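This is what each chain is made of:
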4 protein chains.
Amino acid sequence: MESFAGLLKLYQAVRRQTLRLTENLSAEDMVVQSMPDASPSKWHLGHTSWFFEEFVLREHLDDYQSFDESYSHLFNSYYEAVGDRHPRPQRGLLTRPNLSSVLHYRAYVDSYMEKLLGERPDSLRNRIITGLHHEMQHQELLLTDILHLLSFNALSPAVYPSDDAPSSEPEPLGMQAYDGGLVQIGAARKGFSYDCEKPRHQVFLQPFRLAERPVSNREWLEFIAAGGYQQPLLWLSDGWQARQDNDWQAPLYWRQVGGEWHQFGLDGLRPLNFAAPVCHVSYYEADAYARWAGKRLPSEQEWEHAVGAAPVEGNFLEAASWRPGPAIGKAEIGQAYGDVWEWTRSPYMAYPGFKPESGALQEYNGKFMANQFVLRGGSCVTPRRQMRASYRNFFFPHQRWQFSGLRLAEDD
Amino acid sequence: MESFAGLLKLYQAVRRQTLRLTENLSAEDMVVQSMPDASPSKWHLGHTSWFFEEFVLREHLDDYQSFDESYSHLFNSYYEAVGDRHPRPQRGLLTRPNLSSVLHYRAYVDSYMEKLLGERPDSLRNRIITGLHHEMQHQELLLTDILHLLSFNALSPAVYPSDDAPSSEPEPLGMQAYDGGLVQIGAARKGFSYDCEKPRHQVFLQPFRLAERPVSNREWLEFIAAGGYQQPLLWLSDGWQARQDNDWQAPLYWRQVGGEWHQFGLDGLRPLNFAAPVCHVSYYEADAYARWAGKRLPSEQEWEHAVGAAPVEGNFLEAASWRPGPAIGKAEIGQAYGDVWEWTRSPYMAYPGFKPESGALQEYNGKFMANQFVLRGGSCVTPRRQMRASYRNFFFPHQRWQFSGLRLAEDD
Amino acid sequence: MESFAGLLKLYQAVRRQTLRLTENLSAEDMVVQSMPDASPSKWHLGHTSWFFEEFVLREHLDDYQSFDESYSHLFNSYYEAVGDRHPRPQRGLLTRPNLSSVLHYRAYVDSYMEKLLGERPDSLRNRIITGLHHEMQHQELLLTDILHLLSFNALSPAVYPSDDAPSSEPEPLGMQAYDGGLVQIGAARKGFSYDCEKPRHQVFLQPFRLAERPVSNREWLEFIAAGGYQQPLLWLSDGWQARQDNDWQAPLYWRQVGGEWHQFGLDGLRPLNFAAPVCHVSYYEADAYARWAGKRLPSEQEWEHAVGAAPVEGNFLEAASWRPGPAIGKAEIGQAYGDVWEWTRSPYMAYPGFKPESGALQEYNGKFMANQFVLRGGSCVTPRRQMRASYRNFFFPHQRWQFSGLRLAEDD
Amino acid sequence: MESFAGLLKLYQAVRRQTLRLTENLSAEDMVVQSMPDASPSKWHLGHTSWFFEEFVLREHLDDYQSFDESYSHLFNSYYEAVGDRHPRPQRGLLTRPNLSSVLHYRAYVDSYMEKLLGERPDSLRNRIITGLHHEMQHQELLLTDILHLLSFNALSPAVYPSDDAPSSEPEPLGMQAYDGGLVQIGAARKGFSYDCEKPRHQVFLQPFRLAERPVSNREWLEFIAAGGYQQPLLWLSDGWQARQDNDWQAPLYWRQVGGEWHQFGLDGLRPLNFAAPVCHVSYYEADAYARWAGKRLPSEQEWEHAVGAAPVEGNFLEAASWRPGPAIGKAEIGQAYGDVWEWTRSPYMAYPGFKPESGALQEYNGKFMANQFVLRGGSCVTPRRQMRASYRNFFFPHQRWQFSGLRLAEDD
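Not measured: the values here are computed from a predicted model.

Thresholds applied
- Residues numbered from 1 in each chain as written.
- Chains lettered and ligands numbered in written order.
- Predicted model: local features only at pLDDT ≥ 70, side-chain atom pairs only at ≥ 80, totals over all residues.
- Heavy atoms only, no water.
- Salt bridge = Lys/Arg side-chain N within 4 Å of Asp/Glu carboxyl O.
- Helix = DSSP H or I, 4+ residues; strand = E, 2+ residues; numbered from the N terminus.
- Buried < 20%, exposed > 50% of the residue type's maximum accessible area, 1.4 Å probe, protein only.
- Least-squares fit on C-alpha atoms with pLDDT ≥ 70 in both.
- Contact = heavy atoms within 4.5 Å.
- 1 Å grid on protein atoms, 1.4 Å probe; cavity = no way out; pocket = protein on both sides within 12 Å on 5 of 7 lines; lining within 4 Å.
- Points joined across faces, edges and corners; volume = space filled by probe spheres on them.
- Nonpolar A, V, L, I, M, F, W, Y, C, P; charged D, E, K, R; others polar.
- Arc of directions from axis to C-beta.
- Phe/Tyr/Trp six-rings, centres within 6.5 Å; stacked < 30°, edge-to-face > 60°.
- Lys NZ or Arg CZ within 6 Å of the ring centre and 35° of its normal.
- Buried area = accessible area lost by both parts, 1.4 Å probe.
- Polar contact = N/O pair within 3.5 Å; in protein donor to acceptor, adjacent residues only side chain to side chain.
- Pairing = 2+ DSSP bridges.

Engineer: I'm lost on the pattern of salt bridges in this one. Help?
Structural biologist: Two side chains carrying opposite charge are able to pair once their charged atoms lie near each other. Taken as a whole and judged by the stated rule, the model has 115 salt bridges over all chains. Close ionic contact of E169 of chain B with R218 of chain B constitutes a salt bridge, the shortest N to O distance being 2.5 Å. You can see E169 of chain B sitting in the loop between α6 (125–150) and β1 (175–178) and its partner R218 of chain B sitting in helix α7 (residues 217–225), a full 49 residues away along the chain. Relative accessible area serves as the criterion here: at 44%, E169 of chain B is assigned to the partly exposed category. Between R15 of chain D and E135 of chain D there is a salt bridge; the shortest N-O distance is 2.8 Å. Highlighted residues: R15 of chain D in helix α1 (residues 4–21) and E135 of chain D in helix α6 (residues 125–150), separated in sequence by 120 residues. The residues R15 of chain D and E135 of chain D share a single accessibility class, namely buried.

Structure, rendered in structure tokens:
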């Protein structure tokens, strides 16, 4: 548990980091919405401030005057309980309030939050920590969404320059065996976790084996060369439909340039690095690949059980390389964190005994428990503090704009 | 295991029963498709015959001449492995071959099947039994689809007349407690089952309680009266979207007539029977109801564990009342079969160790393992032989045209 | 003006002819709707009877009891003034009333109409004649719609057999010059005409030239060979969009069989007859062709002025060849009637001084005066009595299921 | 004909005026696209410069180096002949090139254009004048599009402040009679005009009467009060469909505030001025209103014949009031220019003898000649130099975001 001084410091660090991520973006970059699933950077800046205003300041600071009453409507994401909201697909129409106003809004909220934190309100500690984790989620989304926006730009801009890592070939893929049996799953009491990671509970696992690293770009090229995108029997029925409707032939940001595969990323368009984990694939593609490889995706429980003990290390936002890279060092189970989110075969559902957060945050996770799949680990744009073995990320199976890859499993 | 004489008798009984179901339908009723999810009755007649032709006769009868080569294309449902097929949403455009030709097709297939059965081919026994279970599934779908078609008809025709059961009030709802622990789930070796019901395996269940009967129409009326369809906090996010897009205000076939709720069914438009299980609700509605009631849906494992031992009794197709009715008699866990399919909270996914059927039938179940939820039990239009504790029916969470209801559960 | 005996005879002839057109159709063929633009044959049978019931019997026969009150809702096409109606895209769901009931409905209406005609009601003469012309329009639509439905059928059924006319080559295309000047346009007082053909009025025409026959299949093949479907500069902007969206590469019912172009028609699938007028092309295609040929489409006034004096001769429904054929004989302006409707460049708008029909039939034509183009002449499935120089047929520029072709024009 | 000194001066004035219009807009305002029909301001700035680069500099300046090759793709609007182009609905994704780059692009093009103009190239005079008229069209579109964008903003910003004109009541509506007969229509040789305004030609008009001013907001309120938006018989069939699909209940930017109608405009949200012409109505609404009023819309020929002689006076962009206002002064035919574009009943089609501009600009007007209706006059955001009696503006009948109103006509 953070001390109050530590909490203040964390608050400031997280808030500053969000702004730092926008340093290379223009006001124009930050206002546009590239699709309904994505949000403008400016909206992320506003929404993360709104979260503190709505769920901390407004509830707990008696004399709090909101910065602007209209922002409550504009920057509410999906909380039905706190009233009406600006339609999600129209977030990109918000040219006003302009960026400067939203930055003032951030500063205004920060000044009150810092004042509040000085008063050491024990009852708010958890709420504030949730707000910071919420903001870290949006740091990742901000990068994910800006990449999507820039991918439509013929200039292929490199907004987050990085060193030109030389391409290399992946290590051979090993599989690690696990006994299964009755195991504990879910967040322990210590440290932050969301409601959906709880309660910690027992499940029974069959023996299984898990790959020592994610599937690489090199291996994905073999899938393509083997006609993986052309063989319906490899695909789920809904997956084949999505593949046909969208004419998928390769991962989302792959492009042929001069006969060679490149990958567009936050650092621009670069030749494909064969050793790096494949990224920006849908659940459907991940599932088809696994079937083609004669394996399967792991369940989230298998992943958590196997990877749980591994140290959290790798790329991550604070030390970002801005794109998944080849393994550094080699753990028993490597690259669990910091490269790509890993699709599991587990639909995102409530754990046995699940109770949603009480009050205003009851909508945070629970209402999304249908039609989505769990991803585990964390990507190169995930903040370090977000990464933990029990974290459950979730997206729809057709979505590809996340930094999503896969790790293979099989029955033992 | 059926003897060969028994198998022939079963074959004839099932095939005859399919035709019996169409006795009150005109050729016009049988050609039309009311939506892409549903199929024309004539297509069901053709497809179930095609199944035997494609997967039994063509593979195993050397000198078999197909009835008409074009039927292979027309009556293939979704088997990518056996070639191209007529588009699903255009099944209703098949005015030709006409009904009479399709009936000849059935007779032709039957004559060869009966010849084949006389030769007692041990290796085909399982395939033929699968074909009969497949046909029984389509018996239910035929009725489900024809109800959907007729529901658009202003004349509210009653094609399957039934006695006018007097409306009554439901018994108070009791909850039965179960200990959980390590339990066996999935089909035992004995008797027919689909690949997705296997392998039988261990899971660990928390203690839980399960309602003694499904939710009734009377209780659903209370949900409506309490504004259940108007309160977004009761709904899953995707569910609320579906409710808004489709303006759901009541179960699918409910209609106000003269200020009183009626329900359209295969026996026409009748006043709502309060004691009968609510029917034709989506997963989203079932889930919202459960939340409103302070409970939840059971997992499919809880359902199977609790209900597994109960005898299969109730309404069913061969003794049909054509609409869900009030409980007859009273078991510990009542009305598990023969009234409504019961939505569970379990996404339809592979069991640990799942292997799809080999060969041509690999596509039967496995490729649908995404985005659908499991329903358990069986409805008033389900053939008696289809009902078993391990049977896993599955549909998308927005679908309502099935005979689908719900049973409540809660943590103990 | 028809005598009453003549009118009765005409009534009986027209009504009988409608039934005759359905002789080769099954009840299944007659219930299905292939797209929202088209209607089932059974619906045409019902609607044309409803027209007499609604606009003649119900208004003018004091003691008239309608055959079935629900038919008023089911068979109303688009008359807002006479109440609510069954949704157009759901006409194909009307398996009930069945065909037999609709035939009884026709007979019932006929018996009252014949009684009424015996009373020689002068005031109704015009309304009844309108009803007969309305029915003749639906005779053509019935054939047009059934062709569209059968075109989806892999069996390529030939429901209206015809002799196998040998393919031939077209005559060279001549252009005929006209002086223009102040000319009279619109229906003369004598004989039947719709409100939109009136009033007869003066327009000023520039000198122009008009082709002596419609564009032939042979010429269309040259357009295809020259890349006409691939060159956006030949097309209207909306036309190019439609061509892209629908991937048009040839007229609607053209098909390659064994490397040779065939055309599906009411008499089945036959090798393309090069001399016959091209048929089933959209306005957009016709316009692009004309631009490619260095010419243009005629205005409807040019067409009427030039063709007006020509005799009405050629194929037509009562002596049907069921598909457009090569010219028989040779007029100065040939094949104006009886082969294909000819797209003109004139949007369908009100003539100066236009007054819609009063009362119930005000909606017959006037409310469609936006976004559609006028076609002139008449096709091989148009009843002979429908053909006249002033007749204005109209369809949307993207529609192709009509028997529509084109005739070229140019400035002199 | 402009002298070269005059042409240079005009060039500079027009180009400067475009920039002046953006003075109150932020880079954020200028990058966003509110719907596919509209374009971002930045795109308008780029496209108008591209027009000079593509059609003047690139063709006629031997040593011209384009500012940036990629702009050719980005800022092409719809010219198929000059190559591929950025998709129209994705214009709002162009956060890069940023505003500053596009402003540099403008300056770069200007410097070369000014050099070229100094060389007095006689052959280019017409092309350059066309480019300036093109730019003036985009000045109007820029304002029209930015109004649409800002209309989604809950803050109702007033980007172009104006004096608060007091609301007043309209003068009684008089109708002026015209004899018709053979009249001349189309642009005279003198002065600039587009290809579609030519050739000047004779048409024959029936006697008619034309309203002395456009329909006012007060009169539109009466239409609403009389249930005009609820009566299908007043509407064209396609119009009623559009009204239902979009739930139109009033003109586009009308809003109820505190029980009073207001209108959002470039100067913000203001109480409705009853005397001002109704603005932002579709053709369908205009047509329905006219029918309700017992009148009709004029043809474009009637409008041109009647209004042609009137002086061009009123509001216009250079002296903008930013919203349609009450009549100033009183002409025989008043407010023909400078308030609202006036829908006519004329589909936008080629005049007899029409020849598209040769070469690169052949696509400027001709390819839009289907499905659109002509508007005449000019609005409060139309540049003064754009206004002339022969000008033919055109839009689709469902579009409402233009400054479009109507003037009534009737047969005499």
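Engineer: Which parts of the structure should I look at to understand the relation of the copies chain B and chain C?
Structural biologist: Mapping between the two copies of the chain is achieved by a rotation about an axis and a shift along the axis. The transformation that overlays chain B on chain C combines an axial shift of 0.0 Å with a rotation of 180°, and the residual RMSD is 0.0 Å. Those values place the two copies in the arrangement expected of a two-fold rotation axis. Residue E28 of chain B of chain B places its C-alpha closer to the rotation axis than any other residue of that unit, at 2.6 Å. Both copies share a contact surface, since 100% of the interface residues of chain B are interface residues in chain C too.

Engineer: Is there a simple way to explain empty space enclosed by the protein in this structure?
Structural biologist: If a probe as big as a water molecule is rolled over the atoms, it shows which places are left empty. Under the counting rule described, the total for this entry stands at eleven cavities of 30 Å³ or more. Within this model, the largest cavity holds a volume of roughly 80 Å³. In this structure, the largest cavity is lined by P347, Y348, M349, A370, N371, Q372 and F373 of chain C together with P347, M349, N371, Q372 and F373 of chain D. Taken together, the residues of the lining of the largest cavity break down into eight nonpolar, four polar and no charged.

Engineer: Teacher, can you tell me more about helix α8 (residues 237–246) of chain A here?
Structural biologist: One turn of the α-helix equals 3.6 residues, which is why residues spaced by three or four share an orientation. Residues and elements named next belong to chain A. Among the residues making up α8, those that are buried are G239, W240, A242 and R243. Here the buried residues of α8 occupy an arc of 160° about the axis, which is enough to place them on one side. Residues of α8 that are buried in the fold lie against α9 (283–292). Of the residues trailing α8, D247 is marked for its positive phi of about 50°.

Engineer: Sorry, what's going on with the packing of aromatic side chains here?
Structural biologist: Any two aromatic rings considered together are summarised by their centre-to-centre distance and by the angle between their planes. Under the defined criterion, the tally for this structure stands at 160 aromatic pairs over all chains. Measuring from ring centre to ring centre gives 4.7 Å for Y78 of chain A and Y79 of chain A, while their planes differ by 25°; the resulting arrangement is stacked. On the accessibility criterion, Y78 of chain A (22% relative accessible area) is partly exposed. With 6.0 Å between their ring centres and 90° between their planes, W303 of chain C and Y337 of chain C make a pair best called edge-to-face. Highlighted residues: W303 of chain C in helix α10 (residues 300–307) and Y337 of chain C in the loop between α10 and β8 (341–347), separated in sequence by 34 residues. An identical accessibility class is assigned to W303 of chain C and Y337 of chain C; each is buried. The cationic tip of R218 of chain A hangs over the ring face of F274 of chain A; the distance from NZ or CZ to the ring centre is 4.0 Å.

Engineer: Even after reading the chapter, I still don't get the interface of chain B and chain C, so can you show me in this structure?
Structural biologist: Interface size is often expressed as the accessible area that is lost when the parts come together. Each side of the interface is counted separately: chain B has 28 residues, and chain C has 29 residues. Together chain B and chain C conceal approximately 2300 Å² of surface at their shared face, both sides included; 60% is due to carbon and sulfur atoms. Sorting the residues of chain B by area buried against chain C places E28, L93 and R96 of chain B first, and these three jointly supply 34% of that buried surface. Put simply, chain B and chain C have four salt bridges between them. We note a salt bridge from K42 of chain C to E28 of chain B, for which the minimum N-O separation is 2.4 Å. Between the two partners, chain B and chain C, sit twelve residue pairs in polar contact (both at pLDDT 80 or more). For the side of chain B that touches chain C, the secondary structure elements donating two or more residues are α2 (27–31) and α6 of chain B. In terms of residue count, the dominant contributor to the side of chain B that touches chain C is α2 of chain B (four residues). Partitioning the side of chain B that touches chain C into residue classes produces 13 nonpolar, eleven polar and four charged.

Engineer: Teacher, can you tell me more about helix α7 (residues 217–225) of chain D here?
Structural biologist: Within α7 of chain D, the full set of buried residues consists of N217, E219, W220, L221, F223 and I224 of chain D. Positive backbone phi, approximately 80°, marks G227 of chain D, located one or two places after α7 of chain D.

Engineer: Would you take a moment to explain the relation of the copies chain B and chain A for this structure?
Structural biologist: Once chain B is rotated about the relating axis by 180° and shifted along it by 0.0 Å, it coincides with chain A to within an RMSD of 0.0 Å. Residue by residue, 100% of the interface of chain B is reproduced at the interface of chain A, so both copies engage with the same surface.

Engineer: Which parts of the structure should I look at to understand the pairing of strand β9 (residues 373–377) of chain D?
Structural biologist: Both faces of the sheet carry side chains from a regular strand, because those side chains alternate between them. Residue and element names in this part refer to chain D. By the criterion of burial, β9 is predominantly enclosed, with five of the five residues buried. Where strand β8 (residues 341–347) meets β9, four bridges bridge the pair, whose relative direction is antiparallel. When the bridges of β9 are listed, E342 appears paired with R376.

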